[in-house]
Each structure stands twice: as structure tokens, then as C-alpha cells.
Amino acid sequence: MRIIVGEGYAVAEQGPMTEAMYYILLSLLKPGHGYGMMQRIKELSGGRLVMGPGTLYGVLSRMNKEGLIVPAGEEGRRKNYAITEDGKAALLAEYRRLKSMVADGKILEEDGL
Amino acid sequence: MKYRYKIHPYDFILGENEKFYSDLEAEGWRVIKRGRFLSKFAAAQPSRVRYRLEVAAPGFMENGSTMPPEQQAVYEDCGWEYVLGRGLLHLFRAPEDSDAPEFYMDPADQIPAIEALRRQNYSGWVPAMAFFACNMFLVKYRVYGVMGIFRSWHALMAAEPWAVGIITALFLLSVYQAVEQTWYVNRVCRHLKQGIPLDHSPQGQRPARKIVYGALLAMLVLCTVMTVVQRVRMGPPSPAAYWSAYTKEGVT
């Protein structure tokens, strides 16, 4: 999926952001390296999401190419990443999309489901 | 230290390779090196481990034979031990009862890595097809000129037909392997897109593969033996035999 960012908003060119991308961007609001991100994602999701190293590294590479994150220093072999302004815009856009979807789903509660 | 060698499954059959190494470690043989066809094992304490193969997915013109250190660090921090790397494949190990997470939670996330195998397979087809097309062109248009080496090669085949069998068997073996790899990689990608994860412990080889490989290997062995027998009984072909095939119209 490619994110186009402009004028303060992000538009997903081919569809919604994946869960992995969303949580990685969320975790990178504080710069960190791969394993640290995995631990943080586990905390953020309440233990629901345990990301595999293959998934994590693949998504990091893609988002780095798309300019949503940038390398931010190294600790030995571990490379730290930080979210960019484009990444924040994409994250916010996705958050708003998910919020509006949840709001639209309120009829489920009204119908007693 | 005791060592042994065993023929391992083809690179592209990831699940079979993983099971292969896991089963041998359970018998007390730990892999220390992987070659083109053979893996080398050292005697070790039998243990139940999970082996997983990761496919490096390099970009265009990038070298996939070395895994980036930061990628290796992520996997190792999760509890996987890096064992070895060869070509696009990198082997990791973790105890069976450890909580090291599987590489990919969502099967679709593995597709880019598997597609690196598909690209590698396509590049393997190119030299074989180019060689075949070049020879067909030379045979059809009798373009010998400076290509004398091809002409004398055809003459050699005409004088020693069992050699044709060897070359044919090798060619058919490489074609079958390329076709099988294409079929396997396409099937795995299709399954991954459908959410079916890679099978890390496939049970048994398909009978068709055993039959085809068995037949081609038998043909190769037979032609090699007959070539040697022909040479021993009849001596090397006389120059006249070569010249006869060399100057005939067409190739016989």
C-alpha cells in the first residue's frame, strides 16, 4: 500500500493501512529499534498483537522507502527509526478513518447486538 | 568431532528444508554448512528445535547473500539463533519449547520474500533457454563460421550418441527443476494470499517428483555407463567419424 501525503492529509492509494503498519507508526512516536518496537507494540495492543520479526522488518523497509520513517542512529547492530511528518500525517489520517468506522458501527449497540 | 553429509531438499522447498534440519537435529546431527546439494552436519546432543528459513528479498542489483546486520539483530533479539546463510536463504534455529515468535504473523506478509525466490527462478531459466535457442539457431541456419566450437560440439554428439543422452538428461533435469520451482512458488504465493501459512513440517514427497527424478537420474547413469563402455570397447572415435558428421548437410 502506498500512502500519498499532501496538504496535511494522507490518502491511502490502494486501501487502508495494515494493522502492522499502524502499530509500528504508533510505536515510533518514540524513536526505537526493531525489538524495542515489538515490545512496545505488544504493550500498546494489550498483548493482543505479537509481531513477527519478518513482518516487522519488511514493513520497516517499505515505510523507510516511502518516507514515513527515517533511520535515527544506531546502537551496535541495531538501527533506530523515527517517524517523519509524513508518517505522522498518515497515522493521524488512519486513526481518524478508524474512529469514523467505529462511530458508524454504533448502530450495533443501538440494536442490542 | 564426527561429521556427516546429506543431500538436502531444493532451496525453494522451504518447509521440507526446515523439517529436514529439525529431524536430523533430533537424531543428534546439527547442521553447520549448506552447499549447493549437500549439507554438512556435526555430531551434537539430540534436541528438539525449530528451524526456519528466511528468504532475503534484495532490491534490484542488491546482494541478498548477506543478511543486513540490523535484520539479523531483530531476529536474534526475538530468540532466534542465526545458523548460516547461502544465496537468498538464511537459516535460524530456536528450541521447540521457546517463545520465539514465528517470523510472520500474517501469511500475506511473507509474499515479498517468496517472490524473491520467483525472481531467482526466472533468472535461472534465462541461460538454459538462451543456450537452447542459440543451438537451435545454429543447427537451422548452419551458421558455423567463427562458431566452430558449436559445430565441432554437434559433430561430437553425432559420433558419440550416448553423450547426447547425458546432455539431454541434464537438460531435462534442469528444465523439470525450473518448472517445479515455478509451480511450487506460485502455489505458495497463492496460499499466502488466501491466508494459508507456509507448512513448516510437510509430510512426505510427492510421488510424481520421485518418479520423474528417479527416471532422469536412471537415464543419466545409463548414458554415462554406456559412454564409458563405448569408449573402452571401441576406443576414441576416429577423426573420420567426426569429419563425416562435420561436413554432412544438416546434423545427424
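Description of the structure in this document.

Each value, and the rule that gives it
- Residues numbered from 1 in each chain as written.
- Chains lettered and ligands numbered in written order.
- Predicted model: local features only at pLDDT ≥ 70, side-chain atom pairs only at ≥ 80, totals over all residues.
- Heavy atoms only, no water.
- Helix = DSSP H or I, 4+ residues; strand = E, 2+ residues; numbered from the N terminus.
- Buried < 20%, exposed > 50% of the residue type's maximum accessible area, 1.4 Å probe, protein only.
- Contact = heavy atoms within 4.5 Å.
- Areas by Shrake-Rupley, 256 points an atom, 1.4 Å probe, with all protein chains shown as cover.
- Salt bridge = Lys/Arg side-chain N within 4 Å of Asp/Glu carboxyl O.
- Pairing = 2+ DSSP bridges.
- Axes fitted to C-alpha atoms, helices over the stretch in contact; angles between N-to-C directions.
- Buried area = accessible area lost by both parts, 1.4 Å probe.
- Polar contact = N/O pair within 3.5 Å; in protein donor to acceptor, adjacent residues only side chain to side chain.
- Nonpolar A, V, L, I, M, F, W, Y, C, P; charged D, E, K, R; others polar.
- Parallel < 35°, antiparallel > 145°, perpendicular 65-115°, else oblique.
- Left-handed = near helix turned anticlockwise from the far one by under 90°.

### What about the overall build of chain A?
Across its full length, chain A holds five helices and five strands. Taking all 113 residues of chain A together, 36% fall into the buried category. In chain A, of all internal contacts separated by at least 6 residues, the share reaching a separation of at least 24 is 45%. Roughly 6,500 Å² of accessible area belongs to chain A as shown, and the carbon and sulfur atoms make up 53% of that amount.

### Overview of the pattern of salt bridges
Residue and element names in this part refer to chain B. By the definition in use, this model includes 14 salt bridges over all chains. Notably, a salt bridge pairs R52 with E102, separated by 2.8 Å at the nearest N-O pair. Of the two residues, R52 is situated in strand β4 (residues 49–55) and E102 in the loop between β6 (89–95) and α3 (111–141); the sequence distance between them amounts to 50 residues. R52 sits in the buried class, given a relative accessible area of 9%.

### With respect to the sheet that holds strand β3 (residues 38–43) of chain B
Whenever strands of a sheet pair, they do so through backbone hydrogen bonds, lying parallel or antiparallel. Residue and element names in this part refer to chain B. The strand order across the open sheet formed by three strands is β1-β3-β2, and the pairing between neighbours is antiparallel. Edge positions in the open sheet fall to β1 (3–7) and β2 (29–34), since each of these has one partner strand only. Strand-to-strand twist in this sheet, taken as the mean axis angle between neighbours without regard to direction, amounts to 35°. Note that β1 and β3 share five bridges and pair antiparallel. For K6, the partnering residue across the bridge sits in β3 and is S39. Against the sheet, helix α1 (residues 14–26) engages β1, β2 and β3, with an angle of about 135° to β2.

### Some remarks on the interface of chain B and chain A
Each side of the interface is counted separately: chain B has 18 residues, and chain A has 14 residues. With both sides pooled, the region where chain B packs onto chain A buries about 1,500 Å², and carbon together with sulfur makes up 61% of that total. Per-residue buried area on chain B facing chain A is highest for E70, V74 and D77 of chain B; these three make up 36% of the total on that side. Here chain B is connected to chain A by three salt bridges. One salt bridge connects R78 of chain A with D77 of chain B, and the closest N-O pair in it is separated by 2.5 Å. Our enumeration of links across chain B and chain A arrives at six residue pairs in polar contact (both at pLDDT 80 or more). At nine residues, helix α2 (residues 69–77) of chain B tops the list of elements feeding residues into the side of chain B that touches chain A. Partitioning the side of chain B that touches chain A into residue classes produces 10 nonpolar, two polar and six charged.

### Topic: the packing of helix α3 (residues 53–65) of chain A against α2 of chain B
A pair of packed helices is captured by two measures, namely the crossing angle of their axes and the spacing between those axes. Running from N to C, α3 of chain A and α2 of chain B cross one another at 150°; their axes reach a closest spacing of 9 Å. By the criterion of interaxial angle, the relationship of α3 of chain A to α2 of chain B is roughly antiparallel. In this structure, α3 of chain A crosses over α2 of chain B, and the sense of that crossing is right-handed. Here P53, G54, L56 and Y57 of chain A of α3 of chain A come into contact with α2 of chain B, specifically with E70, Q71, V74 and Y75 of chain B. Partitioning the contact of α3 of chain A with α2 of chain B into residue classes produces five nonpolar, two polar and one charged.

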